[in-house]
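# Fold and contact review
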Amino acid sequence: MKPDSDELTPEEARRDHWEMLRFLALNACFGAMLGLATACAILWLDLGGVGTSLARASHPVLPALMMTVPLALTFAAAVTASAVMLMPYKKKKQR
């Protein structure tokens, strides 16, 4: 009886899992940097008067964080999800 070709040895499975985690972390970091760049652009270009409002605030750090952190997390999640959905996993199994 021939073993199933889709089965991985424990060593191959461990390496595949680490490659997948590295892939996800790289895409999450790229998305977070993209979100931070977007937040900085909003502040720098003063869209909607946000930059001016923060410049006049007595404690501008908390509102700035409340804008940048959710943007960074949203962009990180979106980039990671799109990378997972577009991943050519069938090609990897065919090798």
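Note that residues are indexed from 1 along each chain, following the sequence as it is written. Where totals are concerned, whole chains, interfaces and linings use all residues; where local detail is concerned, this predicted model gives features only for residues with pLDDT of at least 70, and gives and counts side-chain atom pairs only at 80 or more. Excluded from the side-chain calculation are hydrogens and water; included are all heavy atoms of the structure.

What follows covers helix α3 (residues 61–85). In an α-helix there are 3.6 residues to a turn, and that puts residues three or four apart on one side. Secondary structure elements follow DSSP: runs of H or I no shorter than four residues count as helices, runs of E no shorter than two count as strands, and numbering proceeds from the N terminus. To estimate the expected span of a helix, count its residues, drop one, and scale the result by 1.5 Å. For α3, spanning 25 residues, the distance from its first C-alpha to its last is 36 Å, which sits close to the expected 36 Å at 1.5 Å a residue. Categorising residues by exposure relies on relative accessible area from a 1.4 Å probe, with only protein chains included: less than 20% of the type maximum marks a residue as buried, more than 50% marks it as exposed, and the intermediate range marks it as partly exposed. The set of residues buried in α3 consists of Ala 64, Met 67, Thr 68, Ala 72, Ala 76, Val 79, Thr 80 and Ala 83. Turning to α3, the residues buried within the fold contact α1 (10–45) and α2 (50–56). Whether two residues are in contact is decided by their heavy atoms: any pair within 4.5 Å suffices.

Below, the discussion takes up α1. The end-to-end C-alpha separation of α1 is 52 Å, in line with the 52 Å expected for 36 residues at 1.5 Å each. Within α1 the residues assigned to the buried category are Asp 16, Asn 27, Gly 31, Ala 32, Gly 35 and Ala 39. Phi turns positive, to about 55°, at Asp 46, one or two residues after α1.

Summarising the model, the chain shows a mean pLDDT of 88, and 86% of its residues fall at 70 or more. The predictor attaches a confidence to each residue, called pLDDT, with possible values from 0 through 100. Looking over the chain, one finds the lowest element-wise mean pLDDT in helix α4 (residues 89–94), namely 59, and the highest in α3, namely 95.

Here we come to the pattern of salt bridges. Salt bridge, as applied in this entry: a Lys or Arg side-chain nitrogen positioned within 4 Å of an Asp or Glu carboxyl oxygen. If you walk through the whole model with that rule in mind, you get one salt bridge. As a salt-bridge pair, Glu 11 and Arg 14 come within 3.3 Å of each other at their nearest N and O atoms. Highlighted residues: Glu 11 and Arg 14, both in helix α1, separated by three residues, approximately one helical turn.

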